[in-house]
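# Per-entry structural report
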Amino acid sequence: MLKAGQMLAQRYQIQRELGQGGSAKVYLVRDMENGRNRALKEVDVSMARLVSDMADWEAEVIQELNYPYFPQIFEILKTERAEYIVMEYLEGETLGNRLRRLGPQPWLEVQRWGKDLCLMLNYLHMCTPPMIFRDMKPDNVMVQPGGNLRLIDFGAVLKMRTHCARPLLGTRGYAAPEQFDKEKVVDARTDIYGLGMTLYQLLTGNEPENGICREYDVQGQKRMLPRRLNRIFKKCVQENPKERYQNCKELLEALQRGQASI
């Protein structure tokens, strides 16, 4: 664990801890060479090789992306105990923190966020090879002071290569059923499921459970929600991928039509 005031690599001064989860902690650091704030992700790799491999994988994925919705990586530092990823510092708070602080969010705001997230996910899906995010949830989306969204935490991203083995990753409740079955296909529809569950939680304040997808009905808990948007949400979280929207462009168009009809 790093402490405030401590120097890393004789360059980065630790300011404070920003958050933690699993085997990683994130700190606000000051880059003493240029006077700028950075985010430093500390991944404890001393206990498991898989954790180290996932840290390397996350850094590789982010470095390949060239899109304003994703953070930049500036440097990777390694020790026997930990791996440190020096990243762009994103001001703001996660949608998960906002939800815990303010409760269920206005449906017009959630609809706007849904459209922005469709654009981000579609960018990943259109990469060569396609990338599947696999861990869409409010805690992995940052909302900045100006209202822009940024995706964070790319450790679960899957590159769709032919005949590649894939670890079973994802957060229970948000993850689509096929994420935990190696015999089933994981593709863009998998992220659409996660996005649907994310919208469900933002609208209702309820964390999704490991239940039957069709049981989730936002309108029963948020009566002011237009029926068209409720139908869009329910289609996202169908258990059978063939019954969901087949890509993010299709979902985005549905959200735009829903807005036009209100």
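Rules of the game
Residues numbered from 1 in each chain as written. Predicted model: local features only at pLDDT ≥ 70, side-chain atom pairs only at ≥ 80, totals over all residues. Heavy atoms only, no water. Helix = DSSP H or I, 4+ residues; strand = E, 2+ residues; numbered from the N terminus. Buried < 20%, exposed > 50% of the residue type's maximum accessible area, 1.4 Å probe, protein only. Contact = heavy atoms within 4.5 Å. Areas by Shrake-Rupley, 256 points an atom, 1.4 Å probe, with all protein chains shown as cover. Patch = residues over 30% accessible without salt bridge, like charges linked within 9 Å, V, L, I, M, F, W, Y side chains within 5 Å. Salt bridge = Lys/Arg side-chain N within 4 Å of Asp/Glu carboxyl O. Lys, Arg positive; Asp, Glu negative; His and termini not counted. Charge placed at Lys NZ, Arg CZ, Asp CG, Glu CD. Axes fitted to C-alpha atoms, helices over the stretch in contact; angles between N-to-C directions. Parallel < 35°, antiparallel > 145°, perpendicular 65-115°, else oblique. Left-handed = near helix turned anticlockwise from the far one by under 90°. Nonpolar A, V, L, I, M, F, W, Y, C, P; charged D, E, K, R; others polar. Pairing = 2+ DSSP bridges. Core = buried A, V, L, I, M, F, W, Y, C linked by side-chain atoms within 4.5 Å. Phe/Tyr/Trp six-rings, centres within 6.5 Å; stacked < 30°, edge-to-face > 60°. 1 Å grid on protein atoms, 1.4 Å probe; cavity = no way out; pocket = protein on both sides within 12 Å on 5 of 7 lines; lining within 4 Å. Points joined across faces, edges and corners; volume = space filled by probe spheres on them.

### Focus: the overall build of the chain
- Scanning the chain from terminus to terminus reveals six helices and 11 strands.
- By the burial criterion, 50% of the 262 residues in the chain qualify as buried.
- Sequence-distant contacts in the chain: of pairs separated by 6 or more residues, those separated by 24 or more amount to 57%.
- Total accessible area computed for the chain in this model is approximately 13,500 Å², and 47% of it derives from carbon and sulfur atoms.

### Describing a positive patch on the surface
- Taken together, Arg227, Arg228, Arg231, Lys235 and Arg257 make up a surface patch of like positive charges.
- If you trace the backbone, Lys235 turns up in helix α5 (residues 227-236).

### Points about the packing of helix α3 (residues 107-125) against helix α4 (residues 188-204)
- Two elements in contact, α3 and α4, have axes whose closest approach is 10 Å; the angle formed by their N-to-C orientations is 160°. What the angle tells us is that α3 and α4 run roughly antiparallel. The crossing of α3 and α4 is right-handed. Contact residues: Trp107, Val110, Trp113, Gly114, Leu117, Cys118, Leu121 and His125 in α3; Ala188, Asp191, Leu195, Leu199, Leu202 and Leu203 in α4.
- Of the residues assigned to the contact of α3 with α4, the class counts are 11 nonpolar, two polar and one charged.

### As for the pairing of strand β4 (residues 36-44)
- Across eight bridges, the pairing between strand β3 (residues 24-31) and β4 is antiparallel. Counterpart to Asp31 in the pairing with β4 is Arg36.
- When β4 meets strand β6 (residues 82-88), the two strands line up antiparallel, connected through seven bridges. Bridged to Arg38 within β6 is Glu88.

### Re the nonpolar core
- Leu151, Phe154 and Leu251 are the most contacted members of the largest nonpolar core, which has 51 residues in total.
- Mapped onto this core, the elements with two or more residues apiece are α1 (49-64), β6, α3, β9 (141-143), β10 (149-151), α4, α5 and α6 (248-260).
- Contacts of Leu251, omitting those with residues within four sequence positions, involve Cys118, Ile192, Leu195, Ile232, Cys236 and Tyr245.
- Core analysis: the next-biggest nonpolar cluster, separate from the first, contains 11 residues, Leu8, Ile14, Leu40 and Ala82 among them.

### Topic: the packing of aromatic side chains
- This model, assessed by the stated rule, comprises four aromatic pairs.
- Ring centres 5.8 Å apart and planes at 50° place the aromatic pair Phe70 and Tyr123 in the tilted group. Placement of Phe70 in the loop between α1 and β5 (73-78) and of Tyr123 in helix α3 is noted, with a sequence separation of 53 residues between them.
- Of the residues examined, Tyr123 reaches a relative accessible area of 24% and is grouped as partly exposed.
- Their ring planes at 85° and their centres at 5.5 Å tell us that Phe133 and Phe154 sit as a pair that is edge-to-face.

### Considerations on the sheet that holds β10
- Pairing is antiparallel across the open sheet formed by three strands, whose spatial order is β7-β9-β10. The outermost strands of the open sheet, each flanked by one partner alone, are β7 (93-94) and β10.
- Contacting β9 and β10, α3 runs over the sheet at an angle of about 35° to β10.

### A few points about the pattern of salt bridges
- Going through the model one piece at a time under the given rule, you end up with 12 salt bridges.
- Measuring nitrogen to oxygen at the nearest pair gives 2.8 Å for the salt bridge that ties Asp31 to Arg11. Of this pair, Asp31 sits in strand β3 while Arg11 is found in the loop between β1 (7-8) and β2 (12-21), placing the two residues 20 residues apart along the sequence.
- Taking relative accessible area as the criterion, Asp31 reaches 2% and is therefore assigned buried.

### A look at empty space enclosed by the protein
- For the structure shown, the criterion picks out two cavities of 30 Å³ or more.
- By volume, the largest cavity amounts to about 120 Å³.
- Lining the largest cavity, in full, are Trp107, Val110, Gln111, Leu199, Leu203, Leu225, Leu229, Ile232, Phe233, Cys236, Leu251 and Leu255.
- Mapped onto the lining of the largest cavity, the elements with two or more residues apiece are α3, α4, α5 and α6.
- If one sorts the elements of the lining of the largest cavity by residue count, α5 sits on top with four residues.
- Residues belonging to the lining of the largest cavity are distributed by class as follows: 11 nonpolar, one polar and no charged.
- The space that makes up the second largest cavity amounts to roughly 40 Å³.
- Looking at the second largest cavity, the residues that line it are Arg134, Asp135, Met136, Tyr174, Ala175, Gln179, Thr190, Asp191 and Gly194.
- Grouping the amino acids of the lining of the second largest cavity by side-chain chemistry returns three nonpolar, three polar and three charged.

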